[in-house]
Amino acid sequence: MIPCIAMSIFSEVPQAPPVAVFKLTADFREDSHPQKVNLGVGAYRTDDSQPWVLPVVKKVERLIVEDSSLNHEYLPILGLPEFRSAASKVALGEDSAAIKDNRVGGVQALGGTGALRIGAEFLRRWYNGVNNTATPVYVSAPTWENHNAVFADAGFKDIRPYHYWDAAKRGLDLSGFLDDLEKAPEHSIFVLHACAHNPTGTDPSQDEWKKIAEIMKRRNLFVFFDSAYQGFASGSLEKDAWAIRFFVSEGFELLVAQSFSKNFGLYNERVGNLTVVARDNENLTRILSQMEKIVRTTWSNPPSQGARIVGKTLNCPELFAEWKDNVKTMADRVLLMRDQLKAKLQALGTPGTWDHITQQIGMFSFTGLNPKQVEFMIKEKHVYLMASGRINMCGLTTKNIDYVAQSIHEAVTKVQ
Amino acid sequence: MALLKSNKVLYCLGNVSPSLGVLSSRNSSWWGGVQMGPPDPILGVTEAFKRDTNPKKMNLGVGAYRDDQGKPYVLNCVRKAEAVIAEKKLDKEYLPIGGLGEFAKACAQLALGADNEVLKSGRNITVQTISGTGSLRIGANFLSRFHGGPRDVYLPKPSWGNHTPIFRDAGMQLKAYRYYDPSTCGFDFKGALEDISKIPEQSVIVLHACAHNPTGVDPRPEQWKEISDLVKKRNLLVFFDMAYQGFASGDIDRDAWAVRHFIEQGHNIVLSQSFAKNMGLYGERVGGFTVVCKDAEEAKRVESQLKILIRPIYSNPPMNGARIATTILNTPELRAMWLEEVHGMANRIIKMREQLVAGLKKEGSSHNWQHVIDQIGMFCFTGLKPEQVERLTKEFSVYMTKDGRISMAGVSSGNVGYLAHGIHAVTK
């Protein structure tokens, strides 16, 4: 073999840091400690610490396999029509006036990430002028770590935090949040977590959402909802979609990035939907035509399997009911673990207040542990959690909760 | 509250923000300025076809294989693989960002050959991607971010329509080198060499590994050799697009010959692969992206950066199709079945080419249609002019793209005579 060029074109490519949450799982896997616990990556686990393929998913997969009329042909660019409409309906509600007005559309995407990215690319091209990369994008402090990169890689140059988590009181910093809304340049984009805020598990109350909406409307701020946990948070689809539906009823044109990774347990099939709520059908049509162009140069058309499973389930009343039941099973186990963790910490007399464990909602809890305490948890106790103090409640089971509570107790009492 | 002090608070009136230039009000929309996007030329053909009520209509637009009854074909090896997978009762946990490891390995082996030195030394990084498009886009993004050379990407003229917007959206600039010779409906070898010899050093050159889309015109091996030498001389970065391995000649090794030759000659290529056509896994979105690096250490660095690129697009790829492809490639009986089926698909296409030419002769056409047989793969560049294409569509309900490209997969023994008749009618 004759080397083509002496120097490689890629000799200057620097080693990138690993994505933290996946590195955590990798480290966990290598750990041989018998009592190790993984409270890192956000995927549901049963009380036996096993992944859970939803019974309704197994049933629908069998139906799909047995249906010899199905093939592997390309989906349309925007995705499977029956999936898109059903997915948007799940977010906006059966009796959504906006859907009846024909001003709601969906773009099937690769998971919630894909939906966010297509939405971000669209906004960068067409929102607030044409190709206005200077429009500020606000993400909560803290937020899901990938939000920043999604909007930055879509071309936005100005990504800023808005106040959200109050570390001192371990709750929502409402006044900071509202202040940021008042001060943000008009037309700024705000990424709002529809429910089960990641990573804090802290959601605004309905009254607080109303205050947020009032300012956003008055100041012409753009609403981009990230909805990755509908049903998973409270166990009720309606309750978890309240904020989205409220904003729609207030007349906002908005985007909702939906993920079916968690609430359908379909993590690796990449099932997501970008719901577009426009002023009217004419606007919607133009918007979707531009979404198509973006999709075409990103992945051409989306994967079929996951959308078929979700589409079939949502469109069949019996399967839909069964799904809601499966979702409630997951949500209830998480709620139980929250109750038990708080009770055990209180019983141990662990310093501090632990009400936030049951006040927070969804998969994650912001424990309030500081980086040193987190390091202690990982290194000394082999309990893996994110440096931010975020734990995945799904990693807790009746079998390990005592050990985890004890570990937290030690971390808080021994490490400052 | 601070907001009351602002005199910019307007409730029911329009508000123009001077620096950001947008008109918005309660009654208007954010999206007034959004233009209607043009219909996708290729997929648009299928949409027009669907609306046509002529029972003799033919869809020769989008490149998806059809059997001799004009039906989509789910490969037997795919059905068998699906059954095997269903038995395993696997979970649905996230794949790594770079996808299913076994898939990436099998994918690279298929392209490069299992005993390729590149694989042995671990100096390639291969990631699972969202079929060919996803692979090209990741590659384009990677080059845009890390390639120190010119921003220019040289495409053959013509190339697949989606190449241009993919590279453009990734921030690259597009240029072209001569490729198709309309006077012969064949390869403009001289023109290609002339143009390539002028490409500035370190520019990116896109080469279709086999079954060129849209023309079906491939260089012969001796021509590939000269292209390789010239590209080496010009110090260009080679980006191979291989969407039809196995589908072109029916032989996977033969179709990968150019890719393997270039690597053997020392080009550290980047490569996009698709399993949409050769495994019929279109909607499952199965593909791979490979960077051949200097050594394993560089491959690790490149891998880390690919992950950083992928994560904010879709986090990690879909499992289903990759699982099917891996099962087929790694299970000897299924792999053998697959090779036979891919051979079968390629053969049917070749037969249709022969029958079309025979049909045209029978119709009494005086034109030279040899190129229909010489071209290879799913597509045929008929040489029809736009006006002739329009007539073929309007008068005969034969749907194809304006450039005269037909998808041979849409031709069957049942309609090849009708097609010959129509083509003769508009060209005589």
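What you see is a predicted model; the values in this text were computed from it and never measured.

### Details of the pairing of strand 11 (residues 270–274) of chain B
Residue and element names in this part refer to chain B.
Here is step 1 of the chain: Most of strand 11 sits inside the fold, with 5 of its 5 residues counted as buried.
Here is step 2 of the chain: On strand 11, burial covers both faces: Val270, Ser272 and Ser274 on one face and Leu271 and Gln273 on the other are all buried.
Here is step 3 of the chain: Where strand 10 (residues 237–242) lies against strand 11, 4 bridges are found, and the strand directions are parallel. Note that in strand 11 the partner of Phe240 across the bridge is Leu271.
Here is step 4 of the chain: Across 5 bridges, the pairing between strand 11 and strand 12 (residues 286–292) is antiparallel. Looking across to strand 12, one finds that Ser274 is bridged to Gly287.

### With respect to the domain arrangement of chain B
All names here are of chain B.
Here is step 1 of the chain: Segmenting chain B into domains produces domain 1 (41–73 + 345–426) and domain 2 (96–330).
Here is step 2 of the chain: Contacts between the two partners involve 19 residues from domain 1 and, on the opposite side, 21 residues from domain 2.
Here is step 3 of the chain: Both sides together, the interface formed by domain 1 and domain 2 hides about 1500 Å², and carbon and sulfur atoms give 67% of it.
Here is step 4 of the chain: Of all residues in domain 1, the largest losses of buried area upon contact with domain 2 belong to Ile376, Phe379 and Phe381, amounting jointly to 35% of the total for that side.
Here is step 5 of the chain: Seen at the junction of domain 1 and domain 2, the total is 0 salt bridges.
Here is step 6 of the chain: At the boundary of domain 1 and domain 2, one finds 4 residue pairs in polar contact (both at pLDDT 80 or more).
Here is step 7 of the chain: Of all the elements in the fold, those that place two or more residues in the side of domain 1 that touches domain 2 are helix 14 (332–363) and strand 13 (379–381).
Here is step 8 of the chain: The class makeup of the residues in the side of domain 1 that touches domain 2 is 11 nonpolar, 6 polar and 2 charged.

### Topic: the side chain of Arg390(A)
All names here are of chain A.
Here is step 1 of the chain: With respect to the helices and strands, the residue Arg390 is situated in strand 13 (residues 390–392).
Here is step 2 of the chain: Buried charge Arg390 goes without a salt bridge, the closest partner of opposite sign being Glu145 at 6.2 Å.
Here is step 3 of the chain: Here Asn198 takes part through its side chain, which lies 3.0 Å from a polar atom of the side chain of Arg390.

### Topic: the pattern of salt bridges
Here is step 1 of the chain: Under the criterion given, the structure shown has 43 salt bridges over all chains.
Here is step 2 of the chain: One salt bridge in this structure joins Asp169(B) and Arg125(A), with 3.1 Å as the shortest N-O distance. Taken together, the residues Asp169(B) in helix 7 (residues 163–169) and Arg125(A) in helix 5 (residues 111–126) connect one chain to another.
Here is step 3 of the chain: The class for Asp169(B) is partly exposed, based on a relative accessible area of 30%.
Here is step 4 of the chain: Assessed through its relative accessible area of 16%, Arg125(A) is described here as buried.

### A few points about the sheet that holds strand 8 (residues 222–227) of chain A
Residue and element names in this part refer to chain A.
Here is step 1 of the chain: In spatial order, the strands read 2-10-9-8-7-3-4; together these 7 strands make up an open sheet with mixed pairing. Of all strands in the sheet, those bounded by a partner on one side alone are strand 2 (104–110) and strand 4 (159–163). In this sheet, adjacent strand axes meet at a mean angle of 25° when their direction is disregarded.
Here is step 2 of the chain: The sheet contact formed by strand 9 (residues 254–259) and strand 10 (residues 271–277) spans 6 bridges and is antiparallel. Among the inter-strand pairings, Gln258 is bridged to a residue of strand 10, identified as Asn273.
Here is step 3 of the chain: Across the sheet, helix 5 lies against strand 2, strand 7 (189–193), strand 8, strand 9 and strand 10, angled at about 160° from strand 9, the strand it touches most.

### Observations concerning the interface of chain B and chain A
Here is step 1 of the chain: In this complex, chain B contributes 93 residues to the contact, which on the side of chain A involves 85 residues.
Here is step 2 of the chain: Buried surface at the junction of chain B and chain A, both sides included, amounts to about 7900 Å², of which 57% is carbon and sulfur.
Here is step 3 of the chain: At the boundary of chain B and chain A, one finds 7 salt bridges.
Here is step 4 of the chain: At the junction of chain B with chain A, the criterion picks out 29 residue pairs in polar contact (both at pLDDT 80 or more).

### Some thoughts on the packing of helix 5 of chain A against helix 11 (residues 281–296) of chain A
All names here are of chain A.
Here is step 1 of the chain: Running from amino to carboxyl end, helix 5 crosses helix 11 at an angle of 115°, the nearest separation of the two axes being 10 Å. It follows that helix 5 is roughly perpendicular to helix 11 by the angle criterion. The two elements helix 5 and helix 11 meet at a crossing, and its hand is right-handed. Of helix 11, the residues touching helix 5 (which contributes Ile118, Glu121, Phe122, Arg125 and Trp126) are Ile287, Gln290, Met291, Ile294 and Val295.

### Describing the pairing of strand 10 of chain B
All names here are of chain B.
Here is step 1 of the chain: Counted residue by residue, strand 10 has 6 buried out of 6 residues, so it is predominantly covered.
Here is step 2 of the chain: Across the two faces of strand 10 the burial is the same, with Leu237, Phe239 and Asp241 and Val238, Phe240 and Met242 all buried.
Here is step 3 of the chain: Note that strand 9 (residues 204–208) and strand 10 share 5 bridges and pair parallel. Residue pairing for strand 10: Ile205 is matched across the bridge by Val238.
Here is step 4 of the chain: Once the chain exits strand 9 it traverses helix 9 (residues 221–233) before rejoining the sheet at strand 10, and the crossover so formed is right-handed.

What counts, and where the lines are drawn
- Residues numbered from 1 in each chain as written.
- Chains lettered and ligands numbered in written order.
- Predicted model: local features only at pLDDT ≥ 70, side-chain atom pairs only at ≥ 80, totals over all residues.
- Heavy atoms only, no water.
- Buried < 20%, exposed > 50% of the residue type's maximum accessible area, 1.4 Å probe, protein only.
- Helix = DSSP H or I, 4+ residues; strand = E, 2+ residues; numbered from the N terminus.
- Pairing = 2+ DSSP bridges.
- Domains from an automatic or database assignment.
- Contact = heavy atoms within 4.5 Å.
- Buried area = accessible area lost by both parts, 1.4 Å probe.
- Salt bridge = Lys/Arg side-chain N within 4 Å of Asp/Glu carboxyl O.
- Polar contact = N/O pair within 3.5 Å; in protein donor to acceptor, adjacent residues only side chain to side chain.
- Nonpolar A, V, L, I, M, F, W, Y, C, P; charged D, E, K, R; others polar.
- Lys, Arg positive; Asp, Glu negative; His and termini not counted.
- Axes fitted to C-alpha atoms, helices over the stretch in contact; angles between N-to-C directions.
- Parallel < 35°, antiparallel > 145°, perpendicular 65-115°, else oblique.
- Left-handed = near helix turned anticlockwise from the far one by under 90°.
- Right-handed = clockwise from strand over helix to strand, strands pointing away.

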